[in-house]
Amino acid sequence: MEPSCGSRGPGPAAAAVAAVLPAGGSGERLGGATPKQFCTVQGRPLVSYTVGAMERISWISHIIVVVSPENIEKMNSIVEKYGHKRVTIVRGGVTRHRSIFNGLKVFAENNFSNQLLQKPEVVIIHDAVRPFVEEDILSKVVMAAKDHGAAGAIRPLVSTVIASAADGFLDHSLERARYRASEMPQAFLFDIIYEAYQQCTDYDLDYGTECLHLALKYCKTNAKLVEGTADLWKVTYKRDLYAAESIIKGNLSQQVCIITNVKEDVAQVNFLLHESLKSRIKVEAVSVTLSKNDGQLQDIFSGQCYNFVCISDKKYAVEETQKLVDMLEKSNTPLLYPVVLISVHLDVSENTSCSIGMEELTRIKKFAREVKKKNILLYGILFQYKDCLLLQETVNSAAALILALIMDRNPELIGQLLVA
């Protein structure tokens, strides 16, 4: 159940393409004991998002992840847990360039890998902490590398670059319009970048950071620069993790599936809720009938939706929600992200007080804690349908709650019964 970012066809001019992802950094600028590539965002390590972005592109044949020796076991467990394919884990070096060089060696040196991989025509180099790379920019740098030998994404400078004198005062500044920030991804003809690394001095391997510079310095290959998009930024500081989480939450909140039974009251609320959600978040809301036709629901559960709203006029019971949880599990799709499941209890009784007792609320909270272990966030909304004149107002209140729950995905609110 991945957000849509898949390959749309064969690779760029059918070139053999591989990717090398350096992931051996210590994350000193981030702070904390966990390297940034292994920090979790929405319960999933950052490096897994980047691997997944590469993995969804069918024309990338091999994905090489280079990690420090002490993190090889951790990376192996991530590959296994999230079902990553086409991934080879390689022991990194003490610097960025030495790690990338090690990643390239698995295609060229028998004694460096248990199994020599087929050498690609073009190799992509991309930071493991840039998780939002799209196929379009990857295709552009690969095609440019095929034509020119090397290519890299660039972005306009955000700030003016200045030089300081020895006394700490301003020496001069650069004309910002003439310069660009070098970003990732970068791509190279494999033979060019591998030869460049073979010729590298120890100084370049230990202190250099720019791969395009190596191709120019050692192979006289002038890289083609490709204008990149704003989402190529690198997770460097703690605030970047919060920004990444916000983007991922936004991507997961693009679609909501409303599941109802066929009773008239429920169908009316379903229709109004459907319209209210569409108008307020401008995304598709899918309605299906909760009946014996489980096949229709299974298709939806196996799709790209991570948010489900079940409306029922039955007494708020765990059993009905349990059925939906079971169907989610039967879809055989790994729940890589937290799935939001909101159970809306339509209360049509004349009683003005809450019709759900403390015992039932306790059961709901216990069940919510159990399914959270399966990466499902269960919330409840009590929809008190007593006055037809106020129906639209109540629907709007419920829609606002649903939007807040699927956007925030707050695990602290699981099992709570909110009143619309």
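Per chain, the residues get numbers from 1 upward, laid out in the order the sequence is written. Only residues with pLDDT of at least 70 are given local features in this predicted model, and only at 80 or more are side-chain atom pairs given and counted; all residues enter the totals for whole chains, interfaces and linings. Note: side-chain values were computed over all heavy atoms of the structure, leaving out hydrogens and water.

In the nomenclature of an unreviewed UniProt entry, the protein is known as D-ribitol-5-phosphate cytidylyltransferase of Melopsittacus undulatus. We quote the UniProt Subunit (unreviewed entry) comment for the protein here in full: "Homodimer." Database annotation for the protein, UniProt heading Subcellular location (unreviewed entry): "Cytoplasm, Cytosol". UniProt positions are given in the numbering used here, feature names are shortened, and annotations may be inferred rather than shown by experiment.

Draft legend 1. Just the overall build of the protein, in detail. In terms of regular secondary structure, the protein is built from 13 helices and 17 strands. Each residue's exposure class comes from its accessible area (1.4 Å probe, protein chains only) as a fraction of the maximum for that residue type: buried when under 20%, exposed when over 50%, partly exposed otherwise. For the protein, the proportion of its 420 residues judged to be buried stands at 50%. Contacts were defined at the residue level, with two residues in contact if any of their heavy atoms lie within 4.5 Å. Intrachain contacts of the protein at a sequence separation of at least 6 include 77% that bridge at least 24 residues. For the protein, the exposed area adds up to about 20,100 Å²; of that, 50% sits on carbon and sulfur atoms. Secondary structure counts use DSSP, requiring at least four H or I residues in a row for a helix and at least two E residues in a row for a strand, with both numbered from the N terminus. Note on areas: Shrake-Rupley, 1.4 Å probe, and residue coverage restricted to the protein chains presented here.

Draft legend 2. Looking closely at unusual backbone geometry. A cis amide bond, omega 10°, links Met-184 with the succeeding residue Pro-185. With respect to the secondary-structure elements, Pro-185 resides in strand β10 (residues 180–189). Unusually for a residue other than glycine, Gln-42 sits at a positive phi of about 55°. The topology assignment puts Gln-42 in the loop between β2 (40–41) and β3 (44–45). Its identity as a non-glycine residue notwithstanding, Arg-409 has a phi of 50°, on the positive side.

Draft legend 3. Here's a closer look at the side chain of Ser-276. When you line up the elements, Ser-276 lands in helix α9 (residues 264–281). With a relative accessible area of 6%, Ser-276 lands in the buried category. As used in this structure description, the phrase polar contact means that two N or O atoms lie within 3.5 Å; if the pair is within protein, one of them must be able to donate a hydrogen and the other to accept it, and residues adjacent in sequence are counted only when both atoms belong to side chains. A distance of 3.2 Å separates the side chain of Ser-276 from the side chain of Asn-396, its partner in a polar contact. Residues contacting Ser-276, with those up to four places away along its chain left out, are Val-395, Asn-396 and Ala-399.

Draft legend 4. Summary view of the nonpolar core. In this description, a nonpolar core means a group of buried Ala, Val, Leu, Ile, Met, Phe, Trp, Tyr and Cys residues linked to one another through side-chain atoms lying within 4.5 Å. If you look at the biggest cluster of nonpolar residues, it comprises 95 residues, and the most contacted ones within it are Ile-124 and Ile-342. Looking at this core, the element that brings in the most residues is helix α13 (residues 391–408), giving eight residues. Residue ranges assigned to each domain were obtained from an automatic or database domain assignment. If you count residues domain by domain, this core takes at least three from each of domain 1 (12–238) and domain 2 (253–419). Beyond its immediate stretch of four places on either side in the chain, Ile-342 contacts Phe-308, Val-309, Cys-310, Tyr-379, Ile-381, Ile-402, Leu-405 and Ile-406. Grouped together as the second largest cluster of nonpolar side chains are 31 residues, Ile-64, Met-184, Leu-205 and Ala-215 included.

Draft legend 5. Structural detail: the pairing of strand β1 (residues 17–22). Counting buried residues along β1, six of its six residues qualify, which places the element largely inside the surrounding structure. Alternating residues of β1 divide into Val-17, Ala-19 and Leu-21 and Ala-18, Val-20 and Pro-22, and every residue in both groups is buried. In this structure, β1 lies alongside strand β4 (residues 60–67), joined through six bridges in parallel fashion. Paired with Ala-19 across the strands is Ile-63, a residue of β4. Being paired, for any two strands, means DSSP has found at least two bridges between them.

Draft legend 6. Highlighting the pairing of strand β16 (residues 376–384). The buried count for β16 comes to eight of nine residues, which makes it a mostly enclosed element. Looking at chain direction, strand β15 (residues 339–347) and β16 are connected through nine bridges and run parallel. The residue bridging Val-340 from the neighbouring strand is Leu-377, located in β16. As judged from the three bridges shared by β16 and strand β17 (residues 417–419), these two strands associate in the parallel manner. Its bridge partner lying in β17, Gly-380 is registered against Leu-417.

Draft legend 7. Expanded view of the sheet that holds strand β5 (residues 87–91). Reading across from one edge, β5-β4-β1-β6-β10-β7-β11 is the order of the seven strands in this open sheet, with mixed pairing throughout. The sheet terminates laterally at β5 and β11 (224–227), the two strands that pair on one side only. Taken pair by pair, the neighbouring strands of this sheet meet at an average axis angle of 25°, ignoring direction. Lines fitted to C-alpha atoms define the axes here, with helix axes fitted over just the stretch in contact, and angles between the N-to-C directions of these axes take values from 0 to 180 degrees. Together, β4 and β5 form the strand contacts of helix α2 (residues 72–81), whose direction differs from that of β5 by roughly 175°.

Draft legend 8. Region of the structure containing the confidence of the model for the protein. Summarising the model, the protein shows a mean pLDDT of 85, and 84% of its residues fall at 70 or more. The predictor attaches a confidence to each residue, called pLDDT, with possible values from 0 through 100. Element-level mean pLDDT values for the protein span from 60 in strand β13 (residues 285–289) up to 98 in strand β6 (residues 122–125). Across residues 3–9, confidence stays below pLDDT 50; counting only partners more than four residues off in sequence or on other chains, it has 19 contacts.

Draft legend 9. Seen up close, the packing of aromatic side chains. Side-chain rings of Phe, Tyr and Trp, where Trp is taken by its six-membered ring, are said to pair if the distance between their centres is within 6.5 Å; with planes under 30 degrees apart they count as stacked, over 60 as edge-to-face, and otherwise as tilted. Counted by the stated rule, this structure contains eight aromatic pairs. Relative to Tyr-197, the ring of Phe-101 lies with its centre 5.5 Å away and its plane at 20°, an arrangement referred to as stacked. Of the two residues, Phe-101 sits in helix α3 (residues 96–105) while Tyr-197 sits in helix α5 (residues 190–199), which places them 96 residues apart along the sequence. Across the pair, Tyr-197 and Phe-101 agree in class, each one buried. Relative to Tyr-207, the ring of Tyr-203 has its centre 4.9 Å away and its plane inclined at 40°; by these criteria the two rings are tilted. A residue pair is termed a helical-turn pair when its members lie 3 or 4 positions apart in one helix, as Tyr-203 and Tyr-207 do in helix α6 (residues 202–207) at four residues. Here Tyr-203 and Tyr-207 have matching classes, each one exposed. An aromatic cluster is built from Phe-101, Phe-107, Phe-190, Tyr-194 and Tyr-197, whose rings are joined through pairwise contacts.

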